[in-house]
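Each chain, letter by letter, is given below.
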Amino acid sequence: MAELQHFGYFFSRGFGPQAWGRSDWDWGHDWTKPDLYQQSVRALEQAGMDLVIAEDAVSLGSPDTLDLRIRQAYGGPKHDPLLLAPSLFAATSHIGIAPTVNAGITPPYLAARQFATLAHLSSERLGINLVTDVGSARHAGLPPLPHDQAYDRAEEWITLLRRLWHSWGDGHVGDPSDWHFANGDALDAFHHEGPYFTADGPLNALPLDSDPVVVSPGGSGRGIRFAGTHSDVQLALAPLSTAAVTAYRATVIDAALAAGRTAADLRILFVLKAQIVSSPAEADRIVDASGHPSDQDLPTAAIAWSSDSETDLLALDLDGPVPAGAFGEHVSAGTVRGLLGDTPDAPLRELLTRKARLGRISSRSGFVGTADEFADFIEELGSDADNDGIVFSGDLHPAQVYRMLGDLVPVLRRRGLLRREYGAGGIRANLFDF
């Protein structure tokens, strides 16, 4: 019998121009105003999603790639998703919201205070998608760090936030009979001085019943060790096979065990961008058409990957391999591996052709298929790979949300894979109530 899985939504353009470049733009929503996002997140709550994760990148990128990142709004503009969160909380009652926060440039004390405030205001529905992006450091007057060292800094950052969140201990009395609010001697007035941060406690915000949920992406060895130690949710990418998902999950769980945790302490959710169509014949038509990208299609793929990697792929020889050292140290191993795959010496034209090509979910070669075919896939991962769940990826726009989930939600619910109602307790309860 199928078991419930956890589901979320990752709005991958961030707080930016949703639907830009697609006909959905003509719905006429203003992406700078809250209405668009409130309408979308209400639909996602009705659909039983546990949480919504907002992508973000503070920087528009290096001077060499600015035009690539803004020409089609792949990398910007982006407004601050943390400041969008209150509007989303006001429109909903149960779903969790996890804005992206850069641990490298956000001071720990300020972050701890802001997150504690939002957690209280939202009845503890706040999560944080913690990233270690080092390309933004120059905007804060900080030196960039190598990939692994950025994770070292993030470990100190989240450890310090948790100490601040707990710095009231049992000091809050809140007894109105004698107006005794708190005991100062019970507060942790610590001084922290580490390799990356200096800060004093206690925090000037009330303690929480539970800490905000920490979400983290990252497929590198260092990123997985970080998730195993610190994360409640790990956003995962893996080839579409039961064996690959099982192996990936084992790696993350091993990292959790090595940190003194258990598999039950975190949720591993695989990210996919579903293209759901009405029939297998329509899916076959779309996939067949993508198999032979034109010379006009390849630059479109190159621009998208140039934005993600902050590397001008259009300046490279299409018929040669990507040169060694083309990607900066700050580019994640997952991004590089996503483009190069298992053939790093293949011509760039071949790599981009592969990226432009779509595949059928029924054959586990891609993400095009019917609602029933996607439900088959999700059910298989749950039963055969003990998968925790799926995070769908797309713009936070009503048209895309309904296009992706409108037919899928009823199928998942009829199969017993998707919740029909929420419990109580905020985002942590959403993720850990089963």
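Residues numbered from 1 in each chain as written. Predicted model: local features only at pLDDT ≥ 70, side-chain atom pairs only at ≥ 80, totals over all residues. Heavy atoms only, no water.

*Asks:* Hey, could you run me through the overall build of the protein chain in this one?
*Replies:* Broken down by element type, the protein chain carries 15 helices and 14 strands. Over its C-alpha atoms the protein chain spans a radius of gyration of 22 Å, differing by no more than 12% from the 22 Å that the globule rule assigns to 434 residues. Across its three principal directions, the C-alpha atoms of the protein chain cover 75 × 50 × 45 Å. Going through the 434 residues of the protein chain one by one, you find that 52% of them count as buried. A fraction of 74% describes how many contacts in the protein chain between residues 6 or more apart in sequence connect residues 24 or more apart. Carbon and sulfur atoms provide 53% of the accessible area of the protein chain, an area that totals close to 19,100 Å². Here the protein chain contributes 34 positively and 56 negatively charged side chains, and the mean placements of these two sets differ by 4 Å. (Helix = DSSP H or I, 4+ residues; strand = E, 2+ residues; numbered from the N terminus. Rg over C-alpha atoms; globule rule 2.2 N^0.38 Å. Buried < 20%, exposed > 50% of the residue type's maximum accessible area, 1.4 Å probe, protein only. Contact = heavy atoms within 4.5 Å. Areas by Shrake-Rupley, 256 points an atom, 1.4 Å probe, with all protein chains shown as cover. Lys, Arg positive; Asp, Glu negative; His and termini not counted. Charge placed at Lys NZ, Arg CZ, Asp CG, Glu CD.)

*Asks:* Quick question: what am I supposed to make of the environment of aspartate 388 here?
*Replies:* Tracing the backbone through its elements, the reader meets aspartate 388 in the loop between helix H12 (371-385) and strand E14 (389-394). On the basis of relative accessible area, aspartate 388 is assigned to the buried category, the value being 15%. Residue contacts for aspartate 388: discarding those within four places in its chain leaves Gln5, His6, Arg249, Leu266, Arg267, Ile268 and Leu269. A polar contact of 3.0 Å, which involves the side chain of aspartate 388, links it to the side chain of arginine 249. (Polar contact = N/O pair within 3.5 Å; in protein donor to acceptor, adjacent residues only side chain to side chain.)

*Asks:* What's the story with the pattern of salt bridges in this structure? I'm lost.
*Replies:* Should the charged atoms of two oppositely charged side chains come close, the side chains can pair. Counting across every chain of the model gives 25 salt bridges. Measuring nitrogen to oxygen at the nearest pair gives 2.7 Å for the salt bridge that ties aspartate 376 to arginine 415. A residue pair is termed long-range when its members are at least 10 positions apart, and aspartate 376 in helix H12 and arginine 415 in the loop between helix H14 (408-414) and helix H15 (426-432) qualify at 39 residues. Residues joined by salt bridges that share partners form a network here, namely Arg13, Arg22, Asp24, Asp395 and Arg403. (Salt bridge = Lys/Arg side-chain N within 4 Å of Asp/Glu carboxyl O.)

*Asks:* I keep staring at the pairing of strand E11 (residues 267-272) and nothing clicks. Help me out?
*Replies:* Regular strands show a simple pattern: their side chains alternate between the two faces of the sheet. The element E11 is largely enclosed, with a buried count of 5 among its 6 residues. Of the strand pairs in this sheet, strand E10 (residues 233-236) and E11 are connected by 4 bridges, and their pairing is parallel. When the sheet's bridge partners are listed, valine 233 is paired in E11 with arginine 267. On the question of chirality, the crossover connecting E10 to the parallel E11 by way of helix H7 (residues 242-258) is right-handed. (Pairing = 2+ DSSP bridges. Right-handed = clockwise from strand over helix to strand, strands pointing away.)

*Asks:* I tried to follow the environment of isoleucine 158 on my own but got confused; where do I start?
*Replies:* Its location among the elements puts isoleucine 158 in helix H5 (residues 147-165). For isoleucine 158, a relative accessible area of 0% gives the class buried. Look past the residues within four positions of isoleucine 158 in its chain and what remains in contact with it is Ile128, Leu130, Val214, Phe226 and His230.

*Asks:* Sorry, what's going on with the packing of H7 against H12 here?
*Replies:* Two packed helices can be described by the angle between their axes and the distance between those axes. Viewed as axis vectors pointing N to C, H7 and H12 meet at an angle of 55 degrees, and their least axial separation amounts to 10 Å. On the basis of their axis angle, the class for H7 and H12 is oblique. The chirality of how H7 crosses H12 is right-handed. Where H7 approaches H12, its residues Thr242, Val245, Thr246 and Arg249 are matched on the opposing element by Glu380, Leu381, Asp384 and Ala385. Considering only residue class, the contact of H7 with H12 consists of 3 nonpolar, 2 polar and 3 charged. (Axes fitted to C-alpha atoms, helices over the stretch in contact; angles between N-to-C directions. Parallel < 35°, antiparallel > 145°, perpendicular 65-115°, else oblique. Left-handed = near helix turned anticlockwise from the far one by under 90°. Nonpolar A, V, L, I, M, F, W, Y, C, P; charged D, E, K, R; others polar.)

*Asks:* For this particular structure, what's the right way to read the pairing of strand E9 (residues 213-216)?
*Replies:* Of the two faces of E9, the one carrying Val213 and Val215 and the one carrying Val214 and Ser216 are both buried. Strand direction decides the pairing type here: strand E4 (residues 127-131) and E9, joined by 3 bridges, are parallel. By the bridge assignment, asparagine 129 is partnered in E9 with valine 215. Looking at chain direction, E9 and E10 are connected through 2 bridges and run parallel. The partner of serine 216 across the bridge, within E10, is glutamine 234.

*Asks:* Looking at this model, I keep getting lost on the sheet that holds E10. Mind explaining?
*Replies:* Two pairing modes exist for strands in a sheet, parallel and antiparallel, and in both the strands are linked by backbone hydrogen bonds. Taken in spatial order, the 8 strands line up as E1-E2-E3-E4-E9-E10-E11-E14 and close into a barrel, and their pairing is parallel. Sheet twist, expressed as the mean angle between neighbouring strand axes with direction ignored, is 25 degrees. The sheet strands contacting helix H6 (residues 221-230) are E4, E9 and E10, and the helix crosses E9 at an angle near 165 degrees. Together, E10 and E11 form the strand contacts of H7, whose direction differs from that of E11 by roughly 140 degrees.

*Asks:* Is there a simple way to think about the side chain of serine 393 in this case?
*Replies:* Mapped onto the elements, serine 393 comes out in strand E14. With relative accessibility at 9%, the residue serine 393 sits in the buried group. With residues up to four places along the chain from it excluded, the contact list for serine 393 reads Phe10, Ser12, Val271, Leu272, Lys273 and Met404.

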